[in-house]
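# Structure assessment
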Amino acid sequence: KIPVIAAGGIGTGRTMLAVMALGADGVQIGSRFVAATESSAHLNFKNRVVGTNEGDTSLTLKEVTPVRLIKNEFYNKIQEAYNHHATTETLKEILGRGRAKKGMFEGDMMEGELEIGQIASLIKEVKPAADIMDEILGEFHEIRRQLISNNYDF
């Protein structure tokens, strides 16, 4: 009786339909809306996300706070620290305070923390949230309609 909400890696109608076919009652979509016109993210960050390709992000800082980052100079500092067997304390010092704000909301693409989900490479333009929703739901309903017409039931 508890609803199951799927989250992580969902940014298209196709993935939304897939998790619902597996039993989810709903989805939580985050990264897809970073590049929405209405998003409070800095335009530099939105543009960086739009320019992200497959492999441009990496999961890191698992000992401190697991996060997927777009690779930049800050990310390189973290990787260098790992290469030198940095302690959790050293990693916390490098991270510091306000690093995410510096990158995502103030637009520092070099030293800021650029958090984004694994679907970043699917985001190809800054556009209104309503258009993003129309795109996701349109794809969801179209694929669902095709499945139903081919006698797939879920």
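All residue numbers refer to position in the chain's written sequence, counted from 1. Per-residue local features are limited, in this predicted model, to residues with pLDDT of at least 70; the limit for side-chain atom pairs, both in listing and counting, is 80 or more; totals at the level of whole chains, interfaces and linings are taken over all residues. Heavy atoms throughout the structure, all of them, feed into the side-chain values; hydrogens and water do not.

Once that is clear, we can look at the overall build of the protein. A tally of regular secondary structure across the protein gives 6 helices and 4 strands. Each helix corresponds to a stretch of at least 4 residues labelled H or I by DSSP, and each strand to a stretch of at least 2 residues labelled E; elements are numbered beginning at the N terminus. From first element to last, N terminus to C terminus, the protein shows the α and β order β-α-β-α-β-β-α-α-α-α. Dimensions of the protein along its principal axes, counting C-alpha atoms only, are 55 × 30 × 30 Å. Residue contacts are counted whenever heavy atoms from the two residues lie within 4.5 Å of one another. In the protein, once contacts between residues fewer than 6 apart in sequence are set aside, the share between residues at least 24 apart is 56%. Summed over its atoms, the accessible surface of the protein is roughly 9,200 Å², and 52% of this surface lies on carbon and sulfur atoms. Computed by Shrake-Rupley with a 1.4 Å probe, the accessible areas treat only the displayed protein chains as cover when residues are assessed.

What follows deals with the confidence of the model for the protein. Confidence of the predictor at the level of single residues is captured by pLDDT, which takes values from 0 to 100. Summarising the model, the protein shows a mean pLDDT of 96, and 99% of its residues fall at 70 or more. Element-level mean pLDDT values for the protein span from 94 in helix α4 (residues 88–95) up to 98 in helix α2 (residues 43–50).

To continue, consider α2. For an α-helix the count is 3.6 residues per turn, leaving residues at separations of three or four pointing the same way. When we look at burial in α2, the residues that qualify are F45, K46, V49 and V50. Buried positions in α2, seen along its axis, are confined to an arc of 140° and lie on one side of it. If you follow the buried residues of α2, they end up packed against β4 (67–70) and α5 (99–105). Exposure is judged per residue with a 1.4 Å probe applied to protein chains only, and the accessible area is read against the type maximum: over 50% gives exposed, under 20% gives buried, and values in between give partly exposed. For this quantity, the arc is that covered by the directions from the helix axis to the C-beta atoms.

The next point concerns the environment of A24. Among the secondary structure elements, A24 is positioned in the loop between α1 (13–21) and β2 (26–28). Measuring from C-alpha to C-alpha, the distance between A24 and P3 comes to 7.6 Å, with 21 residues separating the pair along the chain. When sequence neighbours within four positions are dropped, the list of residues in contact with A24 reads V4, A6 and V19.

Let us look at the side chain of T57. Considering the arrangement of structural elements, one finds T57 in strand β3 (residues 57–60). Within 3.5 Å is the distance limit for a polar contact, defined as a pair of N or O atoms, with the added protein rule that one can donate a hydrogen and the other accept it, and that residues adjacent in sequence qualify only through two side-chain atoms. Polar side-chain contacts of T57 include one of 3.2 Å to the side chain of R68. Those residues in contact with T57 that lie beyond four places of it in its chain are T52, R68, L69, I70, K71, I116 and A120.

Turning our attention to the nonpolar core. Grouped burial of nonpolar side chains is what soluble globular proteins tend to show. Residues grouped as a nonpolar core are buried Ala, Val, Leu, Ile, Met, Phe, Trp, Tyr and Cys residues, joined through side-chain atoms within 4.5 Å. In this structure, V34, F45, V49, I70, L114, I116 and I123 are the most contacted members of the largest nonpolar core, which totals 15 residues. Elements with a contribution of two residues or more to this core: α2 and α5. Discounting residues that sit within four places of it in the chain, I123 has contacts with S31, R32, A35, V49 and V50. Counting 11 residues, the second-largest nonpolar core is a separate cluster that includes A6, M16, L17 and A24.

If charged atoms from side chains of opposite charge come close, those side chains can pair. Every case where a carboxyl oxygen of Asp or Glu lies within 4 Å of a side-chain nitrogen of Lys or Arg is listed as a salt bridge. One pass over the full model with this rule turns up 9 salt bridges. Its salt-bridge partner being E135, residue R32 comes within 2.2 Å of it at the nearest N-O pair. Remark: E135 occurs in helix α6 (residues 129–149) and R32 occurs in the loop between β2 and α2; sequence separation between them is 103 residues. Classification of R32 as buried rests on a relative accessible area of 5%.

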